[in-house]
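Chain by chain, the residues run as shown.
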Amino acid sequence: MNTNPTQHHRRSIRLRAYDYSQAGAYFVTTCTHERACLFGDVVDCEMRVNDAGRMVEQCWSAIPNHFPHVDLDAFVVMPNHVHGIIVITDRAVGAKNFSPLPDSNTSTHRPIRSPSKTIGSIIRGFKIGVTKWFRENTVTHIVWQRNYYEHIIRNEESLNRIRQYVLDNPVRWAFDRENPTASTAESDDAWLT
């Protein structure tokens, strides 16, 4: 089947040529399909998760079990999306936790990193776990929208600001751009301020 690249090309939202497996902190948001409120409700500025929301929390908490090079930071489940900070560490692979030595013949090239260690593979695994639970326990079969949003956290000030945004998310639900009932939605980058 031939495809027309001008009609069927999705613009990538990832930073071009960036290695998403390298050590660092990443702010991630993933939303439900069609922004359906599946994970609970915000009541009196507090998120009250339902069974599905508890499963989302469990799957998120289990990420380091599947990806030992990952630490988790601030995280919140909202009715129709999840915010979290994922930290890829410099934990080395191989015997005695030493990094493999570069081959002297190819020392000018960066080592090839496994795609299973990227932010994309981490989020994919998380989404699969939640989707599996939904399909086994509910009538909902399409849980997530395609893709996810990420932001590379570049310094401590930004990390602290984003942590606070994540923790305050339930309080801001009335203005959250993901809230289908928000009368005045905040800007796309409210977490930057």
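Whatever comes next refers back to the structure up there.
Residues numbered from 1 in each chain as written. Predicted model: local features only at pLDDT ≥ 70, side-chain atom pairs only at ≥ 80, totals over all residues. Heavy atoms only, no water.

Visitor: Just checking my understanding: could you explain the pairing of strand β4 (residues 70–77) for this structure?
Guide: When a strand is regular, its side chains alternate between the sheet's two faces. With 6 bridges connecting them, β4 and strand β5 (residues 81–88) associate as antiparallel partners. Across the sheet, Leu 72 pairs through a bridge with Ile 86, a residue of β5. Hairpin remark: β4 followed by β5, antiparallel, with 3 residues in the connecting loop. (Pairing = 2+ DSSP bridges. Helix = DSSP H or I, 4+ residues; strand = E, 2+ residues; numbered from the N terminus.)

Visitor: Help me understand helix α3 (residues 119–137), please; the structure alone is not making it clear to me.
Guide: An α-helix turns once every 3.6 residues. As a result, residues three or four positions apart point the same way. With 19 residues, α3 extends 27 Å between its outermost C-alpha atoms, agreeing within 8% with the 27 Å of an ideal straight helix rising 1.5 Å per residue. Of the positions making up α3, those classed as buried are Ile 119, Gly 120, Ser 121, Ile 122, Ile 123, Phe 126, Lys 127, Val 130, Thr 131, Trp 133 and Phe 134. Buried residues belonging to α3 abut β1 (24–31), α1 (51–61), α2 (63–66), β4 and β5. (Expected span 1.5 Å × (residues − 1). Buried < 20%, exposed > 50% of the residue type's maximum accessible area, 1.4 Å probe, protein only. Contact = heavy atoms within 4.5 Å.)

Visitor: Sorry if this is basic, but what is going on with the sheet that holds β5 here?
Guide: Strand pairing within a sheet occurs via backbone hydrogen bonds; the two strands may be parallel or antiparallel. Pairing is antiparallel in the open sheet, where 4 strands are placed in the order β4-β5-β1-β6. Where the open sheet ends on each side, the last strands, each with one partner, are β4 and β6 (149–153). Each adjacent strand pair in this sheet contributes to an overall mean axis angle of 15°, direction not counted. Across the sheet, α3 lies against β1, β4 and β5, angled at about 135° from β5, the strand it touches most. (Axes fitted to C-alpha atoms, helices over the stretch in contact; angles between N-to-C directions.)

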